[in-house]
Each structure stands twice: as C-alpha cells, then as structure tokens.
Amino acid sequence: LTERTKMDERPDLAARHKRLGIRTLLVGALTLLSRVLGFVREILSATLFGDHSAVFDAFITAWRVPNLFRRFFGEGAISTSFQTAFTKVEGEQGEQAGGIFFRSTLRALFATLVVITLLTMALIMVMPDQMPITGWHWLGADPDPVRDLALRVMPFVIFICLAAVGSAALHVRGQFTAPALAPVALNLVWIGTLVWIGTQFGCTIDEGDFARHEEMAHTLAWGVLLAGAAQLAFLVPALGREGLLKSGKMAPGAPPVPGVGAVLRRAAPLAFGAAVYQINVMVDGFMAEGLLEDGGPTLHYYANRVQQFPLALVAIAATSAVFPALQAYGQKGDLLSLRRLHDQTQRAVAFLAVPAAVGLAILAQPILSVTLEHGAFGPEGVARASGALSWLALAGLPAGATGLVARAFYSIGDFRTPVWISAFALLLNIGLNTLFLVGWGMDVDGLALATAITSWLGLAVMLPVFYSRQGMPRGPGGTLDSMARTALAATASGAAAYWVHRYASESFSPLWALFLAMGSGLGAHLGVAFLVKSPELQRVLRRGAGPKP
C-alpha cells in the first residue's frame, strides 16, 4: 500500500491508504485525549482530598483491587486472548460464527466476573485485620474504610472487563473510533463526579474532618461505577451496528463454533505475565497502607500515575501496536522477522523512553508541584512524592521493555517463562519493600526504589532467556551502538532540562519554567541524536522525506 508505483496504478489503494492514515491519527488523538483526561482527574482528586487524607488513602488502597482484576481479566489478557480466537473464527467460519462466538464469550465472561466479584467481596469482609504470623496491619490502623470502599468499587470489574472484550471485537471488525472514545466517556463521568464533589464540599476543608472526607469518598465510589457503566454503554451502538448483539444460530450442517474455555485458559498466564508490574504496584499500595504514615498510599499512587503517563504513551502503545505482527511471525515460525521486529521496537521505545525517564527523575519536584499542588494538596506532599517519582522514573524503561519481551514469548507459544520470571520479580519486590520500609525506615521513596530494582532485575533475567532460546536467530546487530547514542542524547537532554529550569525558575512562573525546561530537554535530545546519527532518528527522518524519485 505504501509503494507509490502501486498507488499510481490503483487509485483506490491510495484512497484506502489515505483513509487509514486519517483514521490512525484520529484514534491516536482520542487515545491521547483519554490519557490527558485521566491525568486531569488525578489533579482534581489531589485538589479535593489533599496529600495526607486517611480516607483517600483507604480509597486508593481499595481501588487497587478492582484495578488489578481489570488487568487480569480485561485489558491485555482476556481481550488479547479473545481477539486472537475471534479473528480465527471469523476468518474460518465467517462473521455470523464470529457473532455467535462473541455473544457466548460475553455471557460466559459476565457469569465468571459476577462470581469473582462476589467471592472477592466476601473475602474482603472475612479477611483478618492483621496478617497471620507477621501481625502486619495490612489494611492500616483503621481497616473499616478500606473494606467499605473496596466493597463499593469492586463491581467496576464487571463493566470494564466486558467493555474490554467489546472493544477487542470492534478492533477485529476494523472499528476503532468507538473503542477509543469509550475511555474518554469514562474519564468525563469520573471528572464530572469530582467537580460535583467540589461544588458540594469545597477543596479547602480540614483534612482531619474524617466524616466529610468519608462522604466524599462514598460519592466518588458511586461515580466510579457510573463511569464504568458509561464506558460499556458507549460501545453498545457500535456493537449493534456490527451485528454482534443480534441473536442467531448457525445454519444446519455448519461446523460448530468453538467454546470460550480456550480463551479463558489462554488468558490466565497472559494476564499474570503482563500484569506483574500492576501486581507489584498493588503490593506496594497495601504495604504503604499498613506501614506508612497518612498520605503514603496516596502519594505513591500519584507518583505512579505521573510515571505511567509517558510509559503508556510510548512503551505500552508500541507493544500493543506490534503484538499482532509478532503473533503472525510466531505462528509462521519466522523467528528471524520476529527477532528483528522485537529488537527494532525495543530500540525505538528506548529512544523516547530514556530521555522521558531522565526528565522525570530530574524534574520530579517541579512536575509534581505544577500538577498537584493545588487546593488541599500542599508542598509537604510534593516533597514526600518527589523522591518516589525520581526512582519510579528509572523503572519506566525496564517495565516497558519487559512487557514487550513477554509479548514476544507469547507470540511463540511460550506462556510459562514470563510467569515464573514474574513470580520471581513479585517475591523480590515484597522482600525489598520489607527491607526498605521496615528495616531501613524509608518512606514512599523506599517502595519506588524497590520497584526500580525489581523492574531492572526482571528485565535482566527475561531478555537473555528470550535471546538464548533454541532456534532463536541472532538479531540484526547495532543494538548496543544505538543504545549508546540514545544514552548520550538523553544525558544531554537531562543536563539541558536541569540548567534551564534552575535559571528559568528565577524569572518565570513555575509552569513556564517547567515548559521551558521540558522544551530545552527535548531539543537537546533531538539535536544530539541528530549529531551522533542516531539510527532511530535517521529512520524517522527518512520516512518523513518519503521515497526518492
């Protein structure tokens, strides 16, 4: 489609290519809008609840439970497994069989999610306040708000996981706008709830007013459920237009449509391997609730959200984009192409992720101050969270790289290796958390440091195992040279950002000083990358110039 000679001969192909490019830009813009709105909702939450609210600590801790299940059963796990099976069914048996398969999967998943939600809610009610043997107050000194809020937000899992499967089906049918807009709807409802809370309670109330904060958190919990329902409802018209909600049966004599058991079985290891970072984050959250002073869970959550913003835009987006191609190469046994695509993607992600990590680490304090220090959120919270963000910034690159390597394993049918490496990383993270918080008395930064160490060690184990697999060919080469050039450019970027912010903060507002620092860092990175002939930048410039006549 991209060869000009073919486009000249086939105007319809050129038109299709143009429409595809416009659609890609539209979906990318909507995805970016969703990410920005998600960050806006965190800013509003910080403004309303502040930096050391025990009630919002409880809400954040409770929210981690359905959020983890979302990673397990929704985004990336069930949806990926379903998408593969759905594509196969429609390719072999047609769209009618695909519709039957979609509806049977939806029914089975709904029943499974209801059971899991009820069992989890029952477990939340009967779990002891203290862990056996250790005596650890894993829900904090006052566990009742955590239990209450966890029960309130747990049904969110049902809405978000069904929405994930609906989005996966629409993607296979070539419909991308509705799945991209659905998270926007979720964030708008969530933001609307926070705005309403602000109009009712204000954002300057005393954080010691436990009862009012508890009422605010209860309202927010209802808003979260409404937001999840809105995301699912937004997909219904598109699913209806595709005929996926219309009941029907296969013609007599047609081969039976596969069941959904294979989807669920395939999703289990995929979910655990891909969600290891989220499991670590949840463990960190519970340890923060039980071992840190008020505000610890909240500040750790905000630091993670800031760190995940560039991670989602770069590493997660790139991994999702190349996974279908990796699967195709793996199914054909074309390991050379698979290895080449994996390595090129890792290098491209590093070209953007390394300077982003350096910038986050150096500008952690001004970033948190500009974005969160409003209303009830004060400078003390910024000071506590800055160290955590600096350490978490260093975890961004290995976290994204590990996700891509795990997908490469899945592409060749190996689900076990990422699971045991993930289990190793999880146990290591728990041990380091205990050492830093209990043994060394560290604050939120101790949790972040443990995450950074765990992320790097997990990548150090997983990547060599992947490269040393039997039959895996050597890569195209040049990876170390590319990484060295990227590191050099990122170092210049960090130095420029640091010095510009240091002097700009004396003459400009905090917001403008931050913008100038970020802009100078980006310029320095691209400039040095151009001077050292970074392969990733050269590839982008060649594509931008177009093919030679």
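Residues numbered from 1 in each chain as written. Predicted model: local features only at pLDDT ≥ 70, side-chain atom pairs only at ≥ 80, totals over all residues. Heavy atoms only, no water.

Observations regarding the overall build of the protein
Right, so step 1: Of the regular secondary structure elements, the protein holds 20 helices and 0 strands.
Right, so step 2: By the burial criterion, 48% of the 549 residues in the protein qualify as buried.
Right, so step 3: If you take every contact in the protein between residues at least 6 apart in sequence, the share linking residues at least 24 apart comes to 82%.
Right, so step 4: Taken as a whole, the protein presents about 24,900 Å² of accessible surface, with 66% of it coming from carbon and sulfur. (Helix = DSSP H or I, 4+ residues; strand = E, 2+ residues; numbered from the N terminus. Buried < 20%, exposed > 50% of the residue type's maximum accessible area, 1.4 Å probe, protein only. Contact = heavy atoms within 4.5 Å. Areas by Shrake-Rupley, 256 points an atom, 1.4 Å probe, with all protein chains shown as cover.)

Remarks on unusual backbone geometry
Right, so step 1: The backbone of K533 shows a phi angle near 55 degrees, a positive value even though the residue is not glycine.
Right, so step 2: Here K533 lies in the loop between helix 19 (510-531) and helix 20 (535-545).

Observations regarding the pattern of salt bridges
Right, so step 1: Inspection of the entire model under this criterion finds 11 salt bridges.
Right, so step 2: Residue R339 is joined to D343 by a salt bridge in which the shortest nitrogen-to-oxygen separation is 2.8 Å. Residue R339 and its partner D343 are located together in helix 13 (residues 335-362), separated by 4 residues, close to a single helical turn. One exposure class covers both R339 and D343, and it is buried.
Right, so step 3: Taken together, the shared-partner salt bridges in this structure form one network comprising R41, E42 and R305. (Salt bridge = Lys/Arg side-chain N within 4 Å of Asp/Glu carboxyl O.)

Side note on the packing of aromatic side chains
Right, so step 1: Under the definition given, this model contains 14 aromatic pairs.
Right, so step 2: Seen from their ring centres, F49 and F56 are 4.5 Å apart, and the 20 degrees between their planes marks the pair as stacked. Residue F49 shares its accessibility class with F56, and that shared class is buried.
Right, so step 3: Plain terms: the ring middles of W512 and F515 are 6.1 Å apart, the flat faces sit at 80 degrees to each other, and that makes the pair edge-to-face. (Phe/Tyr/Trp six-rings, centres within 6.5 Å; stacked < 30°, edge-to-face > 60°.)

Observations regarding the environment of R103
Right, so step 1: You can see R103 is positioned in helix 5 (residues 95-126).
Right, so step 2: A residue is classified by how much of its surface remains accessible, and R103, at 12% relative accessible area, is buried.
Right, so step 3: Considered as a pair, R103 and G166 are 63 residues apart in the sequence and their alpha carbons are 9.9 Å apart.

Regarding the confidence of the model for the protein
Right, so step 1: Scored by pLDDT, the protein comes out at a mean of 84, with 85% of its residues at no less than 70.
Right, so step 2: The secondary-structure element of the protein with the lowest mean pLDDT is helix 1 (residues 4-9), recorded at 39, while helix 19 shows the highest, at 96.
Right, so step 3: Confidence over residues 1-11 falls short of pLDDT 50; this stretch has 8 contacts with residues more than four positions distant or in other chains. (pLDDT = per-residue confidence, 0-100.)

Points about the nonpolar core
Right, so step 1: Ranked by size, the top nonpolar core spans 99 residues in total, and within it F59, F82, F102, W190 and L220 carry the most contacts.
Right, so step 2: F102 has contacts with F82, F86, V165, G166, A169, L239, L244 and L245, leaving out every residue within four places of it along the chain.
Right, so step 3: F323, L404, V405 and Y410 belong to the second largest nonpolar core, which has 18 residues in total. (Core = buried A, V, L, I, M, F, W, Y, C linked by side-chain atoms within 4.5 Å.)

Digging into a nonpolar patch on the surface
Right, so step 1: Together, F508, L511, W512, F515, L516 and M518 give the surface a local cluster of nonpolar side chains, amounting to about 610 Å² of exposed area.
Right, so step 2: Within the fold, F515 resides in helix 19. (Patch = residues over 30% accessible without salt bridge, like charges linked within 9 Å, V, L, I, M, F, W, Y side chains within 5 Å.)

Observations concerning the packing of helix 7 (residues 156-172) against helix 8 (residues 177-201)
Right, so step 1: With their axes 9 Å apart at the nearest point, helix 7 and helix 8 run at an angle of 160 degrees to one another. It follows from the interaxial angle that helix 7 and helix 8 lie roughly antiparallel. For the pair formed by helix 7 and helix 8, the contact residues are F156, I160, S167, L170 and H171 on the first element and A178, P179 and L186 on the second.
Right, so step 2: Class assignment for the residues of the contact of helix 7 with helix 8 results in 6 nonpolar, 2 polar and no charged. (Axes fitted to C-alpha atoms, helices over the stretch in contact; angles between N-to-C directions. Parallel < 35°, antiparallel > 145°, perpendicular 65-115°, else oblique. Nonpolar A, V, L, I, M, F, W, Y, C, P; charged D, E, K, R; others polar.)

Some words on the packing of helix 16 (residues 416-439) against helix 17 (residues 444-467)
Packed helices, taken two at a time, are described by the angle their axes make and the gap between the axes.
Right, so step 1: Packing of helix 16 against helix 17 leaves a shortest axis separation of 9 Å and a crossing angle of 155 degrees. Relative to helix 17, the element helix 16 lies roughly antiparallel. The two elements helix 16 and helix 17 cross, and the hand of that crossing is right-handed. Packed against helix 16, whose contacting residues are T417, P418, W420, I421, F424, A425, L428, N429, L432, N433, F436 and L437, the element helix 17 presents G446, L447, L449, A450, T451, I453, T454, L457, G458, V461, M462 and V465 at the interface.
Right, so step 2: Here the contact of helix 16 with helix 17 is built from residues that sort into 17 nonpolar, 7 polar and no charged. (Left-handed = near helix turned anticlockwise from the far one by under 90°.)

Quick word on helix 18 (residues 479-504)
Right, so step 1: With 26 residues, helix 18 ought to run about 38 Å at 1.5 Å a step, and its terminal C-alpha atoms sit 37 Å apart, in line with that.
Right, so step 2: Those residues of helix 18 lying buried are S482, T486, A489, A490, S493, G494, A497, H501 and A504. (Expected span 1.5 Å × (residues − 1).)

As for the side chain of S455
Right, so step 1: Here S455 is to be found in helix 17.
Right, so step 2: The exposure class of S455 is buried, given its relative accessible area of 10%.
Right, so step 3: Separated by 2.8 Å, the side chain of S455 and the backbone oxygen of T451 make a polar contact. (Polar contact = N/O pair within 3.5 Å; in protein donor to acceptor, adjacent residues only side chain to side chain.)

Structural notes on the environment of V65
Right, so step 1: Looking at the element boundaries, V65 is found in helix 3 (residues 54-74).
Right, so step 2: We classify V65 as buried; its relative accessible area is 13%.
Right, so step 3: On a C-alpha basis, the gap between V65 and V153 in space is 8.8 Å, while along the polypeptide they are 88 residues apart.
Right, so step 4: The residues touching V65, leaving out its near neighbours within four places in the chain, are T120, M154 and F286.

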